[in-house]
Amino acid sequence: GEKTHHQGIVVDITKRKLSDVALQESEQRYRRIFENMQDVYYEASMDGKILEISPSIENISTYKRKDLVGKSMLDIYSDPKEREELLGMILEKGKICNFEVHLIDKGGSRHTCEINTVLEKDQNGKPIKLIGSMRDISERKRVENTLQESEEKYRLIVENQNDLIVK
């Protein structure tokens, strides 16, 4: 009745462990990109529910990520018709680039944003969700308008001077 040996099975799990480490590194890399990107990444259901949005939303609005996930995109559009137009174009073309929309933040401030979006479909071609990015271009639009006003004033001054010279 004395034990003379042990019996067992040894399985080499080196590949599984290496795979787990690679997966963790990949997840960490994705998380760093997601949390530090300047543009806003988002995913929305076809009915407009925000499924995912990057923390960079805080850079362009008073919203935090947690305030928006699960809410309707319609709640942040200044004009809900813009979303209808955007959705119609995406359904027609499958993607859209540099589409301007006007969004409002928690405090009611209006932001002009440029949106790039693609339509994700299932294996049967049925639209599932929208995946995209947005960038606040409010400052750029303000500068463009200021420049346009300045050019218009300059043009009027030059036209008036030319009229005086001719007379």
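The rules behind these values
Residues numbered from 1 in each chain as written. Predicted model: local features only at pLDDT ≥ 70, side-chain atom pairs only at ≥ 80, totals over all residues. Heavy atoms only, no water. Helix = DSSP H or I, 4+ residues; strand = E, 2+ residues; numbered from the N terminus. Buried < 20%, exposed > 50% of the residue type's maximum accessible area, 1.4 Å probe, protein only. 1 Å grid on protein atoms, 1.4 Å probe; cavity = no way out; pocket = protein on both sides within 12 Å on 5 of 7 lines; lining within 4 Å. Points joined across faces, edges and corners; volume = space filled by probe spheres on them. Nonpolar A, V, L, I, M, F, W, Y, C, P; charged D, E, K, R; others polar. Pairing = 2+ DSSP bridges. Axes fitted to C-alpha atoms, helices over the stretch in contact; angles between N-to-C directions. Contact = heavy atoms within 4.5 Å. Salt bridge = Lys/Arg side-chain N within 4 Å of Asp/Glu carboxyl O. Disulfide = S-S within 2.5 Å. Polar contact = N/O pair within 3.5 Å; in protein donor to acceptor, adjacent residues only side chain to side chain.

> Please provide a residue-by-residue account of unusual backbone geometry, values included.
Negative phi is the rule for most residues except glycine; trans is the rule for most peptide bonds. Not every positive phi belongs to a glycine, and Asn98 is a case in point at roughly 55°. Structurally, Asn98 can be placed in strand 3 (residues 95-104). On the basis of relative accessible area, Asn98 is assigned to the partly exposed category, the value being 48%.

> I'd love a proper account of empty space enclosed by the protein, names of residues and values included.
Throughout the structure, instances matching the rule amount to 2 cavities of 30 Å³ or more. As a volume, the largest cavity reaches approximately 60 Å³. For the largest cavity, the full set of lining residues is Ile57, Ile60, Ser61, Tyr63, Leu68, Ile76, Leu103, Ile104, Asp105, His111, Cys113 and Met134. Looking at the lining of the largest cavity, the elements that each hand over two or more residues are helix 2 (57-60), strand 3 and strand 4 (110-121). Here the lining of the largest cavity is composed, by residue class, of 9 nonpolar, 2 polar and 1 charged. Looking at the lining of the second largest cavity, the elements that each hand over two or more residues are strand 1 (40-45) and helix 4 (80-93). By residue number, the principal contributor to the lining of the second largest cavity is helix 4, which donates 3 residues. Of the residues in the lining of the second largest cavity, the class split is 7 nonpolar, no polar and 1 charged.

> If you had to explain the sheet that holds strand 5 (residues 127-136) to someone new, which residues and values would you point to?
One open sheet accounts for 5 strands, arranged 2-1-5-4-3; its pairing is antiparallel. At either margin of the open sheet sits one strand with a lone partner, and together these are strand 2 (50-53) and strand 3. Across the sheet, the axes of successive neighbouring strands diverge by a mean angle of 30°, strand direction being ignored. Bridging between strand 1 and strand 5 involves 6 bridges; their strand directions are antiparallel. Within the sheet, the bridge partner assigned to Ser45 lies in strand 5 and is Lys129. Each of strand 1, strand 3, strand 4 and strand 5 is contacted by helix 4, which is oriented at about 170° to strand 3, the strand it contacts most.

> Can you lay out the pattern of salt bridges for me, pointing to particular residues and giving the numbers?
Per the stated rule, a full pass over the model turns up 11 salt bridges. A salt bridge links Lys64 to Glu58, with the shortest nitrogen-to-oxygen separation between them at 3.7 Å. We classify Lys64 as partly exposed; its relative accessible area is 41%. A salt bridge links Arg155 to Glu152; its shortest N-O distance comes to 2.4 Å. Of this pair, Arg155 and Glu152 both sit in helix 5 (residues 138-166), 3 residues apart, which is roughly one turn of the helix.

> Can you break down the pairing of strand 2 residue by residue, with the values?
Two faces, one strand: in a regular strand the side chains alternate between the faces of the sheet. Pairing of strand 1 with strand 2 involves 3 bridges; the strand directions are antiparallel. In the strand pairing of strand 2, Tyr42 is matched with Ile53.

> Account for the state of the cysteines, with residues named and values stated.
As enumerated under the stated definition, the model contains 0 disulfides in all. Sulfur of Cys97: no disulfide; nearest cysteine sulfur belongs to Cys113 and is 16 Å away.

> I'd like a rundown of the side chain of Ser61, residues and numbers included.
With respect to the secondary-structure elements, Ser61 resides in the loop between helix 2 and helix 3 (65-68). Here Tyr63 takes part through its backbone nitrogen, which lies 3.0 Å from a polar atom of the side chain of Ser61. Apart from the residues within four sequence positions on either side, Ser61 is in contact with Asp105 and His111.

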